[in-house]
Amino acid sequence: SQKIEQNSEALNIQEGKTATLTCNYTNYSPAYLQWYRQDPGRGPVFLLLIRENEKEKRKERLKVTFDTTLKQSLFHITASQPADSATYLCALSNDYKLSFGAGTTVTVRA
Amino acid sequence: GAVVSQHPSWVICKSGTSVKIECRSLDFQATTMFWYRQFPKQSLMLMATSNEGSKATYEQGVEKDKFLINHASLTLSTLTVTSAHPEDSSFYICSASIRQTTYEQYFGPGTRLTVT
């Protein structure tokens, strides 16, 4: 069965540094990979979508890469700020049904 | 744009009773809505997919007679947890997609259900 794994440990970083999160998957060939942000007690918020034929996508301080050979996506938050502290979820799909990873909790300290 | 609301944000009910959760897309028409459940420190698990005017499609292991889903219009879907038990206590989140564009989903703020 398909498996989606994100950084198993929480990530603590200093403000201004770059946070890099990993999403690995097996037994799956997704056409789309998405990243969401979730704050405690809230629903996820869509951040970025990258297609299988795209290598990299950027949005403001966020960058996502998608390597279908390695079956891996990297999510970068550059110039991190305390307001970036949240749990980040990767989600894979071939259509409208999403399969989520468990998430990585990022804490940015001032 | 693409705002989804849920009501109530939290609810406490007694074992054996039923509770209804509403999910509304406020500024767009949602061809498809989704219901997820999330336990603490765990990922979102898809429960069912609903399309306006048709029966919901439930994921394996989800009891359709226990979790009743109605998608009466392009802006409203409801989830009714029937004969609730303490193990149904969880965080329920709905989302909506606009299939004509891309496959990102817009999530509601979630409903915390506690069954005593």
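Here we summarise the structure given alongside this text. (Residues numbered from 1 in each chain as written. Chains lettered and ligands numbered in written order. Predicted model: local features only at pLDDT ≥ 70, side-chain atom pairs only at ≥ 80, totals over all residues. Heavy atoms only, no water.)

### Details of the interface of chain B and chain A
Many authors give the size of an interface as the accessible area that is lost as the parts come together. Quick reminder of the rule: Should any heavy atoms of two residues lie within 4.5 Å, those residues are counted as being in contact. As a working definition, buried area equals the accessible area (1.4 Å probe) given up by two parts on being put together, with both sides summed. Note on definitions: salt bridges are taken to be side-chain nitrogens of Lys or Arg within 4 Å of carboxyl oxygens of Asp or Glu. Side-chain atoms alone can form a polar contact between residues adjacent in sequence; in general such a contact is a pair of N or O atoms within 3.5 Å, and within protein one must be able to donate a hydrogen while the other accepts it. Secondary structure elements are taken from DSSP: a helix is a run of H or I of four residues or more, a strand is a run of E of two residues or more, and numbering for both begins at the N terminus. Ten residues, namely Ala, Val, Leu, Ile, Met, Phe, Trp, Tyr, Cys and Pro, are considered nonpolar, four, namely Asp, Glu, Lys and Arg, are considered charged, and the remaining ones, Gly among them, are considered polar.
Contacts between the two partners involve 19 residues from chain B, matched on the other side by 19 residues from chain A. With both chains or domains summed, chain B and chain A bury close to 1,600 Å², and 62% of this area falls on carbon and sulfur atoms. Inspection of the chain B/chain A interface yields 1 salt bridge. Note that Lys97 of chain A is salt-bridged to Glu59 of chain B, the shortest N-O span being 2.8 Å. Taken together, chain B and chain A are joined by 7 residue pairs in polar contact (both at pLDDT 80 or more). Looking at the side of chain B that touches chain A, the elements that each hand over two or more residues are β4 (32-38), β5 (44-51), β9 (90-97) and β10 (105-107) of chain B. Looking at the side of chain B that touches chain A, its residues break down into 9 nonpolar, 7 polar and 3 charged.

### Let's talk about unusual backbone geometry
Along the chain, His7 of chain B connects to Pro8 of chain B via a cis peptide bond; the corresponding omega equals 0°. Within the secondary structure, Pro8 of chain B sits in the loop between β1 (4-7) and β2 (10-13).

### Things to note about the nonpolar core
The nonpolar side chains of a soluble globular protein tend to be buried with one another. Selection criterion: Take the buried residues of types Ala, Val, Leu, Ile, Met, Phe, Trp, Tyr and Cys, join any two whose side-chain atoms come within 4.5 Å, and each joined set is a nonpolar core. The buried label applies to any residue whose accessible area, calculated with a 1.4 Å probe on protein chains only, is under 20% of its type's maximum; exposed applies above 50%, and partly exposed to all values in between.
Counting 24 residues, the largest nonpolar core has Trp35, Phe67, Leu79, Val81, Tyr92 and Leu113 of chain B as its most contacted members. Elements that contribute at least two residues to this core include exactly β2, β3 (19-25), β4, β5, β7 (67-73), β8 (76-81), β9 and β11 (111-115) of chain B. With residues up to four places along the chain from it excluded, the contact list for Tyr92 of chain B reads Gln6, Ile21, Tyr36, Arg37, Met47, Phe67, Leu79, Gly110, Thr111 and Leu113 of chain B. In terms of nonpolar packing, the next biggest core, distinct from the first, is built from 23 residues, Ile13, Ala19, Phe66 and Val106 of chain A among them.

### A look at the sheet that holds strand β3 (residues 19-26) of chain A
All names here are of chain A. This is how it is decided: A pair of strands is treated as paired once DSSP finds two or more bridges between them. Axes here mean lines fitted to C-alpha atoms, for a helix over just the part in contact, with angles spanning 0 to 180 degrees between N-to-C directions.
Taken in spatial order, the 5 strands make up an open sheet running β1-β3-β8-β7-β6, and their pairing is antiparallel. Strands with a single pairing partner mark the edges of an open sheet, and in this sheet they are β1 (3-6) and β6 (56-59). Along the sheet, successive strands turn relative to each other by an average axial angle of 15°, direction set aside. Alignment of β3 against strand β8 (residues 72-77), held across 6 bridges, turns out to be antiparallel. Bridging across to β8, Thr22 finds its partner in Leu74.

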